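Residue-level structural notes
One-letter residues, chain by chain:
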Amino acid sequence: MIARPAYLELLSSYRDQNLIKILTGVRRSGKSTLFQLFMQELEESGVEREQIQSLNLEDLDNEPLLDYRRLYTHIRERLAAGKQNYVFLDEVQNVPDFQKAVRSLADKGNVDLYLTGSNSKLQSGEWATAIAGRYVEIHVLPLSFREFVSSLGEPVNRDEAYAAYTQLGSFPQVRSFPEAERRVQAERYLSDLYNSIILKDIMDNRGIREVSRLDRLARFMGGSTGSELSIKKISDTMTSDGVKASVPTVEAYVQAFRDCYLFYKVDRYDVKGRKMLKTLNKYYVVDPGLRRFLTGSGARDTGHVLENVVYLELLRRGFRVSVGKVDTWDSARGGRVSVEVDFVAVRGDEVHYYQVSETVVDPATLERELRPLQAVQDAHPKFLLTRDYTPGHYEGIRHLNVLKWLLGEEGEA
């Protein structure tokens, strides 16, 4: 198992607090493995095995427990009397009305509860109302580039490692495949994972049956990473390509993709006006390998892939991310124009601005990429991230090698 210290530290920090811990994230991102690693830590700290219960609610052996009453009774009867108990429920959203069992267990006072889910309905509706203020979410993404490189276990060429990371993907299971067969097995794995998301998390949970239309939409969105999109624009494009998709249908399907964490929506933000904009969002895929699987593209699409990787890394570092819009003067046009900052990242009182580009060796490209950051007139840190190994400073803008940044060699900027 690949160690994931950042997530384990979070789990440890909430241990024995009167909060239900909810691990969310796309299928196979490593939530169940984190449970196993954390249970090992518990036992190493002196917790006895009888104090720990763990149930995978997608396992056929546990099918009788998909009734919330039976689940509650099963756990209650096995609680260690007079001791703190640790209960881990994997994919708990498979139990209708699971919140009733969970709430009753949490009220006992000697039960520390940990849940996972691959669908955001885990935190919606009656559930969220029932335990408002009594839970904490830990969102789990597949391996970061740093975790991926660390799992290789030997000094590696970071450029070669990045190529493998974006081609094979960041799901932990990929690292277990034999090296000679890794590329072929990774492709099969991504195909199986994608089908699981479509069939289990979308079609079964949403009652959607138009699998071909779902697939076309997912592939279209994967190929549009980093592009400004509206629901109407998606609908019009698909319809013009011969796939009839009304605005309400597209809206429902896009929401389904977001609910199962296949895609992440990024809003646009007016930097000077300090307000979110209601039109033209962007979408990013949860994993670079899954994005490549959806689009079938390779070296031609490296800029958008890099932007997707940086977005996910900012999420891992705890930032809320939006796309920045800034109005600035264009002397060539003799008027004001809007330019775009790739990412405005906010974490507490911190605000960082990021521009991402494959390379800025060409002076015209460098000027184009610096321009949005230069248009931002506040004193918050500004970064230009590229694959170039010629970092520098431009009027307070730090130019960093993006692979060093991903590995934490440039700090956590």
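Structure: above.
Residues numbered from 1 in each chain as written. Predicted model: local features only at pLDDT ≥ 70, side-chain atom pairs only at ≥ 80, totals over all residues. Heavy atoms only, no water.

Next up on the list: the sheet that holds strand 5 (residues 135–139). The parallel open sheet is built from 5 strands, whose spatial order is 2-3-4-1-5. Each edge of the open sheet is held by one strand with a lone partner, namely strand 2 (52–56) and strand 5. Going across the sheet, the axis of each strand differs from the next one's by a mean of 15°, ignoring polarity. Across 5 bridges, strand 3 (residues 85–90) lies against strand 4 (residues 111–117) in parallel orientation. When the sheet's bridge partners are listed, Asn 85 is paired in strand 4 with Val 111. Against the sheet, helix 2 (residues 31–44) contacts strand 1 (20–24), strand 2, strand 3 and strand 4, and its axis sits at roughly 165° relative to strand 3. In this fold helix 3 (residues 68–76) packs onto strand 2 and strand 3, with an angle of close to 150° to the strand it touches most, strand 2. (Pairing = 2+ DSSP bridges. Helix = DSSP H or I, 4+ residues; strand = E, 2+ residues; numbered from the N terminus. Axes fitted to C-alpha atoms, helices over the stretch in contact; angles between N-to-C directions. Contact = heavy atoms within 4.5 Å.)

This brings us to the pairing of strand 11 (residues 382–386). Burial analysis of strand 11 places 5 of its 5 residues in the buried class, which makes it a mostly covered element. Burial along strand 11 is two-sided: the face carrying Lys 382, Leu 384 and Thr 386 and the face carrying Phe 383 and Leu 385 are both buried. Inspection of the sheet shows strand 10 (residues 350–356) paired to strand 11 by 4 bridges, in the parallel sense. Within the sheet, the bridge partner assigned to Tyr 353 lies in strand 11 and is Lys 382. Note that the unit made of strand 10, helix 14 (residues 363–375) and strand 11 has a crossover that is right-handed. Bridging between strand 11 and strand 13 (residues 397–401) involves 5 bridges; their strand directions are parallel. Among the inter-strand pairings, Leu 385 is bridged to a residue of strand 13, identified as Leu 400. (Buried < 20%, exposed > 50% of the residue type's maximum accessible area, 1.4 Å probe, protein only. Right-handed = clockwise from strand over helix to strand, strands pointing away.)

With that settled, consider the packing of helix 8 (residues 182–206) against helix 12 (residues 288–295). Two numbers describe a pair of packed helices, the interaxial angle and the distance between the axes. Viewed as axis vectors pointing N to C, helix 8 and helix 12 meet at an angle of 85°, and their least axial separation amounts to 10 Å. Overall, the two elements helix 8 and helix 12 adopt an arrangement that is roughly perpendicular. Side by side, helix 8 and helix 12 meet where Glu 187, Leu 190, Ser 191 and Tyr 194 of the first sit next to Gly 289, Leu 290, Arg 292, Phe 293 and Leu 294 of the second. (Parallel < 35°, antiparallel > 145°, perpendicular 65-115°, else oblique.)

Further remarks concern the environment of Val 111. By the element assignment, Val 111 lies in strand 4. Measuring from C-alpha to C-alpha, the distance between Val 111 and Ala 80 comes to 9.7 Å, with 31 residues separating the pair along the chain. If we ignore the near neighbours within four places in the chain, the residues touching Val 111 are Leu 79, Gln 84, Asn 85, Val 87 and Leu 105.

Summed over the entire model, instances satisfying the criterion amount to 17 aromatic pairs. For the ring pair Phe 35 and Phe 88, a centre distance of 4.9 Å and an interplane angle of 70° mean the geometry is edge-to-face. A residue pair is termed long-range when its members are at least 10 positions apart, and Phe 35 in helix 2 and Phe 88 in strand 3 qualify at 53 residues. For Phe 88, a relative accessible area of 0% gives the class buried. Through a chain of ring-to-ring contacts, three or more aromatic side chains come together here, namely Phe 35, Phe 38, Phe 88 and Tyr 114. When the ring centre of Phe 148 is taken as reference, the NZ or CZ atom of Arg 175 above it lies at 5.6 Å. We note Arg 219 situated over the ring of Phe 293; from NZ or CZ to the ring centre the distance is 5.3 Å. (Phe/Tyr/Trp six-rings, centres within 6.5 Å; stacked < 30°, edge-to-face > 60°. Lys NZ or Arg CZ within 6 Å of the ring centre and 35° of its normal.)

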